[in-house]
Amino acid sequence: MFSLFARPRLANTGFLRIRGTAFRYLSSSHVRLTSRAVVYSRNGDPADVLSVATYPSLPPPAPGTVNIRFLLSPINPADINVIEGVYPSKPSLTYDLTDSGKGSKEEPVFIGGNEGLATVTSVGEHVEGLKVGDWVVMVKQQVGTWLTNKNVTVCDVVKIPDREGLTEVHAATITVNPPTAYNMLTDYVELKEGDWVMQNGANSAVGQAVIQIAAARGLKTLNFVRNRDDISRLKEQLQKLGATQVLTYEDLADKALRSRIKAWTGGKEIRLALNCVGGRETAMMSKFLGRDAHLVSYGAMSKQPLSLPTSAFIFKNLTAHGFWQSRWYLDHSAGEREELMRSLAHTPQHEIVSIDKQDNDEEATRQIREVFKILAAGRHGKKVLLKFKD
Ligand SMILES: NC(=O)c1ccc[n+]([C@@H]2O[C@H](COP(=O)([O-])OP(=O)(O)OC[C@H]3O[C@@H](n4cnc5c(N)ncnc54)[C@H](OP(=O)(O)O)[C@@H]3O)[C@@H](O)[C@H]2O)c1
């Protein structure tokens, strides 16, 4: 199976190490250059436009603000679309990382990343409800999370409640994928124990969260994934998470599938399908939905348009929706958001990409671009997170 770790040059147990030439920049400056960011100044392929920039350590936080240090920051598919310039949410340019060079007034940059877990390192005057060591996640979209240190106002972050028992990976991925899964399972169809849900991209981070949350609620899942050499291993992994049945898109062409599904469901109609792939396979999958069903689309990984049979709307009263977690956050209060986080418990399959302190910016840039080249070829169900090592 594909793995970032499978590449011998990058091999390591648990971490993809980005190592290279010696750490050079400290000796050339009186300012302490202790922070780093993955930045870009124009849209394009991340493997071409991203670079790693070093910037000075932060001053003490101003009143009403805190300094935070990122512990782990996911690389989500949407982050790639933002860098490409094809995502509806746009980041703002950063001018104040440093006085000169990348991230200065002369050379503003965008900082990559939307999601991330940070710890509070220093608290300014008049800050209530946050202390050093608290874990926080971002409130606003597209603020830039692929960096080490950042100064934020208290309204920009939300404290992770009930941190006990949460892993860093879980907390770092709590704001996008698990809530997407949770809300899609909750908001469209009133599902009872024993009901069935169908989904494609079932090994994606969202898909895994769907499987786990559904299993915890006693729901059954019919999961579709892309075929691969070691498909039985993937099926086993998803079944361990709680998947009821795992099939490939190729199985959709099998005429016997309808009767197999009927045997599994005992003839119970499936009323919810979740789609992050699009294209022909999604249309084929939707044929297995029952009457008054809902198809909820939240991604388009195949980049193929979705065309559904008109008959499904006329004769089966199909309803098709689009879901966007960002919109959910805008439409719901801070209290509802905190309540949602309390409901979620899920650590996806993951790999951590780490940038070592002793690698200079050129080497780190080369390596981060290599990571994005690998990601462009597929992730195979693993959430990839970025870590700047101390
Ligand atoms: N609307 C929202 O609020 C929301 C929230 C979160 C995520 N999303 C979207 O949901 C999708 C999944 O996100 P994630 O973070 O869970 O992703 P992820 O963990 O990186 O997983 C990506 C998934 O897409 C599949 N995939 C990639 N290219 C494909 C192709 N050409 N055809 C079919 N499948 C393909 C992968 O399958 P393989 O293993 O076979 O490569 C894998 O299952 C993305 O489109 C993301 O933007 C939307």
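Residues numbered from 1 in each chain as written. Predicted model: local features only at pLDDT ≥ 70, side-chain atom pairs only at ≥ 80, totals over all residues. Heavy atoms only, no water.

Side note on unusual backbone geometry
Look at Asp292: it is not a glycine, yet its phi comes out positive at around 55 degrees. Positionally, Asp292 belongs in the loop between helix 8 (279-286) and strand 14 (294-297). We note that Asn317 has phi near 60 degrees; this positive angle belongs to a residue other than glycine. Residue placement: Asn317 occurs in the loop between helix 9 (310-316) and strand 15 (319-322). (Helix = DSSP H or I, 4+ residues; strand = E, 2+ residues; numbered from the N terminus.)

Brief notes about the sheet that holds strand 12 (residues 245-248)
Pairing within the open sheet is parallel, and its six strands lie in the order 12-11-10-13-14-15. The open sheet is flanked by strand 12 and strand 15, the only strands paired with a single partner. In this sheet, neighbouring strand axes are inclined to one another by 20 degrees on average, regardless of whether the strands run parallel or antiparallel. Inspection of the sheet shows strand 10 (residues 196-199) paired to strand 13 (residues 272-275) by three bridges, in the parallel sense. Counterpart to Gln199 in the pairing with strand 13 is Leu274. Strands strand 10, strand 11 (220-225), strand 13 and strand 14 of the sheet are contacted by helix 8, whose axis makes an angle of about 175 degrees with strand 13. (Pairing = 2+ DSSP bridges. Axes fitted to C-alpha atoms, helices over the stretch in contact; angles between N-to-C directions. Contact = heavy atoms within 4.5 Å.)

Things to note about the pattern of salt bridges
By the definition in use, this model includes 11 salt bridges. Here Asp134 and Lys131 are joined by a salt bridge, their closest N and O atoms 3.0 Å apart. You can call Asp134 buried: its relative accessible area is 7%. Arg291 is paired through a salt bridge with Glu269; the nearest N and O atoms lie 3.3 Å apart. With a gap of 22 residues between them, Arg291 in the loop between helix 8 and strand 14 and Glu269 in the loop between helix 7 (257-265) and strand 13 connect regions that are remote in the sequence. (Salt bridge = Lys/Arg side-chain N within 4 Å of Asp/Glu carboxyl O. Buried < 20%, exposed > 50% of the residue type's maximum accessible area, 1.4 Å probe, protein only.)

Some words on the pairing of strand 16 (residues 350-355)
Summarising burial for strand 16: five of the six residues are buried, a large majority. Alignment of strand 16 against strand 17 (residues 383-388), held across six bridges, turns out to be parallel. In the sheet register, Ser354 faces strand 17, and the bridge partner there is Lys387.

Points about the confidence of the model for the protein chain
Scored by pLDDT, the protein chain has a mean of 87; 90% of the residues are at 70 or more. In this model, residues 5-31 is a region of pLDDT below 50 whose contacts with residues beyond four sequence positions or in other chains number 63 contacts. (pLDDT = per-residue confidence, 0-100.)

Things to note about the packing of helix 4 (residues 177-187) against helix 5 (residues 205-216)
Axes are the key here: two packed helices are described by the angle between their axes and the distance separating the axes. Viewed as axis vectors pointing N to C, helix 4 and helix 5 meet at an angle of 50 degrees, and their least axial separation amounts to 8 Å. In this view, helix 4 runs oblique relative to helix 5, as classed from their interaxial angle. You can see that helix 4 and helix 5 cross each other, and the crossing is right-handed. Along its contact with helix 4, which presents Asn177, Pro178, Thr180, Ala181, Tyr182, Met184 and Leu185, the element helix 5 presents Ala205, Val206, Ala209, Val210, Ile213 and Ala214. (Parallel < 35°, antiparallel > 145°, perpendicular 65-115°, else oblique. Left-handed = near helix turned anticlockwise from the far one by under 90°.)

A few points about the nonpolar core
Considering soluble globular proteins, one finds that nonpolar side chains tend to be buried as a cluster. By size, the foremost hydrophobic cluster in this structure holds 59 residues, and its most contacted members are Leu185, Met198, Phe224, Leu272 and Leu274. With five residues, the single largest contributor to this core is helix 5. Taken domain by domain, this core gets at least three of its residues from each of domain 1 (4-174 + 349-388) and domain 2 (177-326). If we skip the residues at most four places from it in the chain, Phe224 touches Met198, Gln199, Asn200, Gly201, Ala202, Leu247, Thr248, Tyr249, Leu252, Leu257 and Met285. (Core = buried A, V, L, I, M, F, W, Y, C linked by side-chain atoms within 4.5 Å. Domains from an automatic or database assignment.)

As for the sheet that holds strand 2 (residues 35-40)
Spatial strand order, 3-2-5: three strands in an open sheet with antiparallel pairing. Sheet topology places strand 3 (51-55) and strand 5 (110-111) at the edges, where each strand pairs with a single neighbour. Sheet topology places strand 2 next to strand 5; two bridges connect them, and they run antiparallel. If you follow Tyr40 over to strand 5, its bridge partner there is Phe110. In the packing of helix 12 (residues 361-376) onto the sheet, the strands contacted are strand 2 and strand 3, and the crossing angle to strand 3 comes to about 145 degrees.

Observations regarding helix 7
The periodicity of an α-helix, 3.6 residues per turn, causes residues three or four positions apart to be oriented the same way. Among the residues of helix 7, Leu257, Ile261 and Thr265 are the ones counted as buried. The buried side chains of helix 7 occupy one side of the element, clustering within an arc of 60 degrees when seen end-on. Exposed positions of helix 7 whose direction lies more than 90 degrees from the buried face are Lys262 and Ala263. Tucked inside the fold, the buried residues of helix 7 contact strand 10, strand 11 and strand 12. Looking one or two residues beyond helix 7, the residue adopting positive phi is Gly266, at roughly 65 degrees. (Arc of directions from axis to C-beta.)

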